[in-house]
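# Chain and residue survey
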Amino acid sequence: MITTELRMAATPATVWSVITDVAMWPHWGPTVSGAQVDDDVPLAAGVRGTVTTAVGISLPFKITEFDDGRVWGWKVAGVPATRHEVRPVRGGSVLSFGAPIWAAAYLPVLALALPRIEQIARGD
């Protein structure tokens, strides 16, 4: 995976709550206009749902990696997609997004999401 990251003053728990709340995804994800999980359960390994792209296409997703409070990854339409990791550091956290090497062109989109998440986590 290739990654982009941002150090934030927000606590890891706050950042984690933003990136795992599917209702928040459209607020920080430039390519997401909506998302929902099946059976309205919290994100966890094996959870399935639907993500709607900015152009209105709905795609199924499955959470394929999950370590509560630290990392989650997924497949979208059966294709390995992004990985989201929160690491604690003095004074806050580092949020890192990873994308498969074949999706290198998506890295700037992920980089756009990082400061949006920071703003949400700070309550701006």
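Structural data are supplied above this passage.
In this report, we go over the structure that sits alongside the text. As the structure is a prediction and not an experimental result, all values here were calculated from the model.

How each quantity is defined
- Residues numbered from 1 in each chain as written.
- Predicted model: local features only at pLDDT ≥ 70, side-chain atom pairs only at ≥ 80, totals over all residues.
- Heavy atoms only, no water.
- Helix = DSSP H or I, 4+ residues; strand = E, 2+ residues; numbered from the N terminus.
- Rg over C-alpha atoms; globule rule 2.2 N^0.38 Å.
- Buried < 20%, exposed > 50% of the residue type's maximum accessible area, 1.4 Å probe, protein only.
- Contact = heavy atoms within 4.5 Å.
- Areas by Shrake-Rupley, 256 points an atom, 1.4 Å probe, with all protein chains shown as cover.
- Lys, Arg positive; Asp, Glu negative; His and termini not counted.
- Charge placed at Lys NZ, Arg CZ, Asp CG, Glu CD.

## Brief notes about the overall build of the chain
What the chain contains, in helices and strands, is three helices and seven strands. Counting from the amino terminus, helix and strand elements in the chain follow one another as β-α-α-β-β-β-β-β-β-α. Computed over C-alpha atoms, the radius of gyration of the chain comes to 13 Å, within 12% of the 14 Å expected from 2.2 N^0.38 for 124 residues, which places it in the range of a compact globule. Principal-axis analysis of the C-alpha atoms gives the chain an extent of 35 × 30 × 25 Å. Put simply, the chain has 124 residues, and 42% of those count as buried. Contacts spanning at least 24 positions in sequence make up 44% of the contacts within the chain whose residues lie at least 6 apart. Split by element, the accessible area of the chain, about 6,400 Å² in all, is 56% carbon and sulfur. Within the chain, one finds 10 positive and 11 negative side-chain charges whose respective centroids are separated by 7 Å.

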